[in-house]
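Residue strings, one per chain:
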Amino acid sequence: MMSTTELAQHSGATIRQLDFWIRSGVLTPEVQARGSGTSRRFDPAWVPVVRLLSNIQAAMGSGRSGGVPTRLLARIVDNYGYGRIELAPNIHLTWEIQR
């Protein structure tokens, strides 16, 4: 298991991004923080998934003027193992699955 800080270091995401994605329901740690003095814990299998999300977010921008909707990021997480989601009829987002 790894901490939020370790996941950020290994995936290229920021701690702020991870915190937002957790609070938004995009990511679910294996162990939730239970008050002060405890930390969230993640399976190392999250590293390539979070790296993909971080890369997509960086490529598409963020902030009020754009960015990737959290519902789309959640769909990517749910379908990571397939390497593809349909955005609209005949429009697909595909990625290489990394283990």
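Residues numbered from 1 in each chain as written. Predicted model: local features only at pLDDT ≥ 70, side-chain atom pairs only at ≥ 80, totals over all residues. Heavy atoms only, no water.

## Let's talk about the overall build of the protein
So the rule is basically this: Under the DSSP-based scheme used, a helix requires at least four consecutive residues in state H or I and a strand at least two consecutive residues in state E, with every element numbered from the N terminus. Relative accessibility decides the category of a residue: with a 1.4 Å probe and only protein chains considered, values under 20% of the type maximum give buried, values over 50% give exposed, and everything between is partly exposed. Working rule for contacts: check all heavy atoms of both residues, and any pair within 4.5 Å makes them a contact. Residue exposure ignores everything except the shown protein chains as possible cover, and the areas themselves are Shrake-Rupley values with a 1.4 Å probe.
In terms of helices and strands, the protein carries four helices and four strands. When the elements of the protein are put in sequence order from the N terminus, they spell out β-α-α-β-α-α-β-β. The proportion of buried residues among the 99 residues of the protein is 34%. Once local pairs closer than 6 in sequence are excluded, the contacts in the protein between residues at least 24 apart make up 44%. Element-wise, carbon and sulfur atoms account for 49% of the exposed surface of the protein, whose accessible area totals about 6,300 Å².

## Quick notes on unusual backbone geometry
In the Ramachandran plot, Asn-90 falls in the positive-phi region, its phi being about 65° despite a non-glycine side chain. Take Asn-90: it is sitting in the loop between strand 3 (84–88) and strand 4 (91–94).

## A look at the packing of aromatic side chains
Here is the rule: Aromatic contacts are taken between Phe, Tyr and Trp rings whose centres are within 6.5 Å, Trp giving its six-membered ring; a plane angle under 30 degrees counts as stacked, one over 60 as edge-to-face, and the others as tilted.
All chains considered together, the criterion is met by one aromatic pair. On the basis of an interplanar angle of 20° and a centroid distance of 6.4 Å, the ring pair of Tyr-80 and Trp-95 is categorised as stacked. In this pair, Tyr-80 is assigned in the loop between helix 4 (70–78) and strand 3 and Trp-95 in the segment after strand 4, connecting sequence segments 15 residues apart. Taking relative accessible area as the criterion, Tyr-80 reaches 9% and is therefore assigned buried. The class of Trp-95 is buried, set by a relative accessible area of 12%.

## Details of the pairing of strand 3
Stated precisely, the cut-off is as follows: When DSSP finds two or more bridges between a pair of strands, those strands are recorded as paired.
As judged from the four bridges shared by strand 3 and strand 4, these two strands associate in the antiparallel manner. When the sheet's bridge partners are listed, Ala-88 is paired in strand 4 with Ile-91. Turn length for the strand 3-strand 4 hairpin, with the two strands adjacent in sequence and antiparallel, is two residues, and the turn residue Asn-90 shows positive phi of about 65°.

All quantities given are derived from atomic positions and should not be read as evidence of function.
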